[in-house]
Amino acid sequence: MMNEQMQEMEEVSKELLKLLAAGGAGNLLKRSLDKQEKMFDRLLDTQLTAAQLVKDLLATEEGVAQTLLAGEAEMQSSLQKVQTLEETLRRASEEDASLRADSSALRRELEELRAELGRLQDDMEDDAGTVNSATYIAQLYYKISRIDWDYECEHPHIKGIHHGPAIAQPISIDSSQHSRCFVSDYLWSLVDTAW
C-alpha cells in the first residue's frame, strides 16, 4: 500500500514537471506542490501511526501470550492437584472399605463372643448349685479330716498335712504301691472319731 502511494506521488510529480515544461501557470504548480507536501506529511503521519499501532498490537499480543502461558501453567498445576486429590480420595475410599469390612468382621466376632458368654453364664448358673454343694462337701470334709492337700504333687503320690489335736503330721503315700481301700482306711485312721 505504501509503495502504491509512493508511485502515485512520483506520477503526480512527473505530471507537474510536464505542466511546468509545457508552460503551465506557476500558481497551479504552487498548489500542486502544497498538495504534494500535505500528502507527504499525511503519508508520514500514517506511517508513524501504523508503526505505533503495529508496535502496540505486538505488545498486546505478547501480554496476551504471557497471560495464556501463565493460565496454562496454573491450569496444569490445578490439574495435578486434582489428580493428587483424586488419588488420595481413591486410597481413602479403599481404606474406608477395608476398615468397614474389618469393623463388620469384628462386630460379628463380638456378637459370637457375647453369645458364647451368655451360654457360659447359663452353664455357670446351672453349675452354681453343683459347685456350691461340692464346696460345702469339701469344707465339711476338711472340718472332719483336718487335712490340707498338696494339689501340686504328681500322680500317683498323695501328699498333704494332717492337723491333728496335738501336732501337724505330713502325709506322703505312693498310691501305686497300696490299694485304694488301704489309702482310705489310713486317712480315716488319722481322724479323731471321738465326738
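The structure presented is a predicted model; accordingly, all values stated were derived computationally and were not measured.

Calculation rules
- Residues numbered from 1 in each chain as written.
- Predicted model: local features only at pLDDT ≥ 70, side-chain atom pairs only at ≥ 80, totals over all residues.
- Heavy atoms only, no water.
- Helix = DSSP H or I, 4+ residues; strand = E, 2+ residues; numbered from the N terminus.
- Buried < 20%, exposed > 50% of the residue type's maximum accessible area, 1.4 Å probe, protein only.
- Contact = heavy atoms within 4.5 Å.
- Pairing = 2+ DSSP bridges.

### Some points on the overall build of the protein
Then step 1. The secondary structure content of the protein amounts to three helices and three strands.
Then step 2. When the helices and strands of the protein are listed from N to C terminus, the series reads α-α-β-β-β-α.
Then step 3. The 195 residues of the protein split such that 9% are buried.
Then step 4. Within the protein, counting contacts between residues at least 6 apart in sequence, those at least 24 apart form 26% of the total.

### Re the pairing of strand β2 (residues 157-163)
Then step 1. Bridge analysis of strand β1 (residues 147-149) against β2 gives three bridges, and the strand direction is antiparallel. Each residue of the ladder has a partner; that of Trp149, found in β2, is Gly160.
Then step 2. Pairing geometry for β2 and strand β3 (residues 168-174), over seven bridges, is antiparallel. Bridge pairing in β3 links Ile158 to Ile173.
Then step 3. Connecting β2 to the next strand, β3, in antiparallel fashion are four residues.

### As for the side chain of Ser145
Then step 1. Of note, Ser145 is situated in helix α2 (residues 26-145).
Then step 2. With a relative accessible area of 1%, Ser145 lands in the buried category.
Then step 3. Not counting residues up to four positions away in its chain, the partners in contact with Ser145 are His162 and Val191.

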